Amino acid sequence: MRTAIYKNRLKLIRRQLSKNKLSCLIVTKSANVTYTTGFTGDDSWAVITHRNIYLLTDSRYTEQAERQCLHCRIIIRTGPMAEAAAGLLKKLKSVSVYSGVAIEKCTSLAAFELLKKKLKFRIRTVANVIEEIRSIKEQSEIAAIRTAARIAAQALKQTAQYIKPGVTENELAGMLDFQIRKLAATNSFDTIVAFGPNASQPHHRTGTRKLKKDDTVLVDFGVKYKNYCCDLTRCFTVGRPTHFYKKVYDVVREAQAAAIKTVRAGAEIREVDSAARDVIKKHNLPVYGHGTGHGLGLEVHELPVVSAGSKDRLKAGQIITIEPGVYIPGRVGIRIEDDILVTKTGRKLLSRNCPHSPLSP
Ligand code: GLY
Ligand code: MN
């Protein structure tokens, strides 16, 4: 990626550091390391000062780091990460006991404790500094998520041939994952396939249940393309659906459409959430316990959280899922999930190519 992109990202992050009177931020969350350095390996941290950005990695990743992180100073550690970070901070002139050193709040307690022991400075913890910036997508990020959604749609269509009585949830998930791989992408999380009443558990663990002649299918899956995630859920039937299934399905679609209609920059997130829940309530069906959606990006769940408790408003450039559902244990589980770009005047549906049933022509 062009270094100009990282320069801009770092400018925005440094502005937040100045606001918080910080000279240095230790970045430990993998997605935030990728966002600021371009590095896509594991077990690495970044240290951001007002002058430089350092990538702390190990010898497994030397070549990759040199290739991906042209704007970074690369440090190849040999001991524990916290020791390497402490060693670097002690050497930096701009960093002192008085200058404000912060580490991301999501850091493991073990790493934090070791860092505190090795470094005699007071270390502050900060949350969501980079995540807030990441929530507004650049054009290249929007393009990657749009492509991820396109690949997901194609993979689901190519899986249709395997949806036959006798196939197990595990097998169908494997077939879908294989199509995603064939399209040169990977999963953004473990594919959920739930047949029949298994779908009443929103995060059912895909298992050995076989598809029956007349049955229902829930597929919740995501594609990762150029490190960016999409997240989709589709529900459909093989054979003839019951009257009740059709009724619930139509209500969930109506709920999703009502929420999507409210999406635009400036909209209150809790209003987006309630638009979907109100439709389900109106039809006297049980309202889902999970959020109505979430942001998408380098992580499959990121800011903004789209739920009733949110006090935030949507911003142009955010990409969110809208995924209401109805779950009745032992009877039915239906969720429909699409990916939506928030624009100044409204929204763009990034997952419009994804068929509502891969079985329909
Ligand atoms: N689609 C899975 C989830 O959002 O948790
Ligand atoms: Mn989701």
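Before going into details, it helps to say that this report is about the structure given with it.

1. Focus on the packing of aromatic side chains
Across all of its chains, the model carries two aromatic pairs by this definition. Judged by centre distance (6.4 Å) and plane angle (20°), the ring pair of Tyr245 and Tyr249 falls under stacked. Taken together, the residues span about one helical turn, with Tyr245 and Tyr249 both in helix H9 (residues 243-261) at a distance of four residues. Residue class for Tyr245 comes out buried when judged on its relative accessible area of 7%. Classification of Tyr249 as buried rests on a relative accessible area of 13%. Looking at Arg9, its charged tip hangs above the ring of Tyr35, at a distance of 4.0 Å from the centre.

2. Examining the site of ligand 1
Around ligand 1, a shell composed of Phe189, His203, Asp220, Asp231, His294, His301, Glu323 and Glu337 is seen. Taking His203, its side chain carries an N or O atom lying 2.9 Å from an oxygen atom of ligand 1. Contact with the protein chains removes 91% of the 200 Å² of surface that ligand 1 exposes when unbound. Of the residues assigned to the shell around ligand 1, the class counts are one nonpolar, three polar and four charged.

3. Considerations on helix H2 (residues 30-37)
In terms of burial, H2 is a largely internal element, seven of the eight residues being buried. Residues of H2 that are buried: Ala31, Asn32, Val33, Thr34, Tyr35, Thr36 and Thr37. Downstream of H2 by one or two residues, Gly38 has phi in the positive range, about 90°.

4. Focus: the coordination of the manganese ion (ligand 2)
Around the manganese ion (ligand 2), the protein contributes the donor atoms Asp231 (OD), His294 (NE2), Glu323 (OE) and Glu337 (OE), at 2.0 to 2.3 Å from the metal centre. The coordination sphere of the manganese ion (ligand 2) comprises six donor atoms, whose angles at the metal cover 65 to 159°; the geometry is irregular.

Conventions adopted
Residues numbered from 1 in each chain as written. Chains lettered and ligands numbered in written order. Predicted model: local features only at pLDDT ≥ 70, side-chain atom pairs only at ≥ 80, totals over all residues. Heavy atoms only, no water. Phe/Tyr/Trp six-rings, centres within 6.5 Å; stacked < 30°, edge-to-face > 60°. Helix = DSSP H or I, 4+ residues; strand = E, 2+ residues; numbered from the N terminus. Buried < 20%, exposed > 50% of the residue type's maximum accessible area, 1.4 Å probe, protein only. Lys NZ or Arg CZ within 6 Å of the ring centre and 35° of its normal. Near = heavy atom within 4 Å. Polar contact = N/O pair within 3.5 Å; in protein donor to acceptor, adjacent residues only side chain to side chain. Areas by Shrake-Rupley, 256 points an atom, 1.4 Å probe, with all protein chains shown as cover. Nonpolar A, V, L, I, M, F, W, Y, C, P; charged D, E, K, R; others polar. Donors = N, O, S within 2.8 Å, 3.2 Å for Na, K, Ca; no water. Tetrahedral: all angles 85-135°; square planar, octahedral: opposite > 155°, others 65-115°.

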